[in-house]
Protein chains: 2
Amino acid sequence: MSNQIDVLTETLTDLVLDRLRTGLAAEGWFQVEASGRHVHLCVDDAKALFGDDYALTWIKDLSQPGQFVGKQRMSVVGPAGRLDNVVVIGPERERTQIEVSMTDARLLGVNPPFRDSGNLADTPSIRIENGDIAVATRGGLIVAERHIHMRPEAAQALGLKDGDRVDFALDSPRPLTFRDVKVRVLETASNFMHIDYDEANAAGFSPGMFGSIKRN
Amino acid sequence: MSNQIDVLTETLTDLVLDRLRTGLAAEGWFQVEASGRHVHLCVDDAKALFGDDYALTWIKDLSQPGQFVGKQRMSVVGPAGRLDNVVVIGPERERTQIEVSMTDARLLGVNPPFRDSGNLADTPSIRIENGDIAVATRGGLIVAERHIHMRPEAAQALGLKDGDRVDFALDSPRPLTFRDVKVRVLETASNFMHIDYDEANAAGFSPGMFGSIKRN
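One structure accompanies this document, and this report is about it. Keep in mind that what you see is a predicted model, and the values were worked out from it rather than measured.

This brings us to the pattern of salt bridges. Under the counting rule described, the total for this entry stands at 26 salt bridges over all chains. One salt bridge connects A:R151 with A:E187, and the closest N-O pair in it is separated by 3.7 Å. Of this pair, A:R151 sits in the loop between β11 (147–150) and α4 (152–158) while A:E187 sits in the loop between β13 (176–185) and β14 (192–196), placing them 36 residues apart in sequence. Exposure remark for A:R151: the relative accessible area of 23% places this residue in the partly exposed category. B:R174 is the partner of A:D196 in a salt bridge, and the nearest nitrogen-oxygen pair spans 3.0 Å. Note that A:D196 is positioned in strand β14 and B:R174 in the loop between β12 (165–170) and β13 (176–185), a pairing that runs across two chains. With relative accessibility at 8%, the residue A:D196 sits in the buried group.

Pasting the structure below:
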């Protein structure tokens with residue numbers, strides 16, 4: 001019974017928060033999430049690392065529908081250093097994509113470009129490892145560009161369309177305006193603004209903060 | 001002879017750059033410098049770490065007159081991790097001040113406040129080490145607030161005074177506007193805007209970049 005009440009409370013809280021985010025998004029306010037380093041794997045690389053019979057094990061949903069944190073962990077290895085215990089995000093993608101911060105890139109000794117997720121042309125490859133098994137990726141190493149996930153209703157209310165660029169202000173302890181931020185409009189999106197840990201640290205960000213689109 | 005020409009060339013280059021920075025500052029443009037983690041030591045802590053007869057060994061001038069990188073290195077040790085090979089900045093100060101980034105703070109497992117350099121009331125202490133010698137500082141651990149070092153002539157030209165706060169835009173690969181940035185006007189200053197590595201990485205900063213003050 002207590003457990004049922006917990007589940008109900010959580011479900012209701014999520015619904016209220018979602019309604020809140022929907023209303024705020026139409027006014028240009030978006031909740032901000034900071035993404036840590038993570039890897040999206042293609043099926044071939046996942047099989048190579050975790051075996052032909054592998055299946056990514058769901059442990060937590062992410063805010064974007066269908067995306068989840070996998071139980072599997074791996075290492076990313078560069079010429080100057082390595083990152084262990086790196087999260088694998090499911091489901092699998094057409095191409096392996098390794099997203100690190102600039103701080104991570106310096107530690108690894110690599111120089112990946114700033115890129116939108118999925119835009120992997122001419123990106124460097126990197127070594128990924130699971131225990132004794134190592135794979136050299138076919139490209140895919142990037143520092144992810146910040147972006148705003150937006151539902152069509154919010155975009156319409158704001159007069160924006162997919163691919164538009166906006167300024168986004170965060171009134172955090174170290175207030176910042178992220179300029180030239182890409183808007184991604186998708187029917188299946190949840191309204192969220194995504195930054196990486198360098199950007200989060202630069203802003204003095206803490207989870208739960210909202211920021212707002214500034215019209216130029 | 002070749003060496004004399006090198007020295008002359010370097011001196012002339014510095015003079016030209018200084019003149020350039022002076023002219024640009026009056027228009028609101030400032031060269032940006034990213035400060036890595038570093039420690040300023042009080043004489044007592046310096047003696048404890050390096051011996052009663054120590055002297056900080058100059059190896060490089062910093063942009064602010066009189067400030068220099070010392071040859072001495074030390075470690076900063078927190079409950080969750082340690083930073084080795086940390087730079088000591090000379091000359092000595094009245095109080096020891098340890099400046100780390102938020103990324104560093106997470107690694108150390110500490111939670112220092114954002115503070116202006118020198119404003120150390122109620123700041124946490126931290127363990128600093130030189131080999132086998134360890135000292136617990138009397139407070140002094142901060143994440144330094146970004147700031148603009150400004151000469152009085154530039155401040156006058158811009159209608160600003162010491163302690164004013166401005167927005168500062170950097171048109172870097174990840175363009176950012178740092179809002180609410182403190183202006184420090186000092187007769188002996190060099191015109192420079194200072195950020196830390198988290199802020200540099202968030203902006204996609206590279207050395208030599210200039211940014212500009214935005215009037216609200």
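Looking now at the nonpolar core. Counting 50 residues, the largest nonpolar core has A:M150 and B:M150 as the members making the most contacts within it. Ranked by size, the runner-up nonpolar core spans 23 residues in total, among them B:F68, B:V76, B:V86 and B:I98.

With 25 residues of chain A at the interface, the matching set in chain B holds 25 residues. With both chains or domains summed, chain A and chain B bury close to 2100 Å², and 47% of this area falls on carbon and sulfur atoms. Interface area lost by chain A to chain B is led by A:R174, A:R179 and A:N201, which between them contribute 33%. Taken together, the links from chain A to chain B amount to 6 salt bridges. Linking A:R174 and B:E199 is a salt bridge whose minimum nitrogen-to-oxygen distance equals 3.6 Å. Across the contact surface, chain A and chain B share 19 residue pairs in polar contact (both at pLDDT 80 or more).

Rotating chain A by 180 degrees and moving it 0.0 Å along the rotation axis overlays it on chain B with an RMSD of 0.1 Å. In the structure described here, the two chain copies are related by an operation that fits a two-fold rotation axis. The residues that chain A uses at the interface reappear at the interface of chain B in 100% of cases, marking a shared surface.

This paragraph deals with the side chain of A:Q64. All names here are of chain A. Summarising the element assignment, Q64 is placed in the loop between β3 (58–61) and β4 (68–77). Residue classification places Q64 among the buried positions, given a relative accessible area of 11%. Ignoring any residue separated from it by four or fewer positions in sequence, one finds Q64 in contact with H149, A189, S190, F192 and H194.

Basis of the calculations
Residues numbered from 1 in each chain as written. Chains lettered and ligands numbered in written order. Predicted model: local features only at pLDDT ≥ 70, side-chain atom pairs only at ≥ 80, totals over all residues. Heavy atoms only, no water. Salt bridge = Lys/Arg side-chain N within 4 Å of Asp/Glu carboxyl O. Helix = DSSP H or I, 4+ residues; strand = E, 2+ residues; numbered from the N terminus. Buried < 20%, exposed > 50% of the residue type's maximum accessible area, 1.4 Å probe, protein only. Core = buried A, V, L, I, M, F, W, Y, C linked by side-chain atoms within 4.5 Å. Contact = heavy atoms within 4.5 Å. Buried area = accessible area lost by both parts, 1.4 Å probe. Polar contact = N/O pair within 3.5 Å; in protein donor to acceptor, adjacent residues only side chain to side chain. Least-squares fit on C-alpha atoms with pLDDT ≥ 70 in both.

Read these as geometric descriptors, not functional statements.
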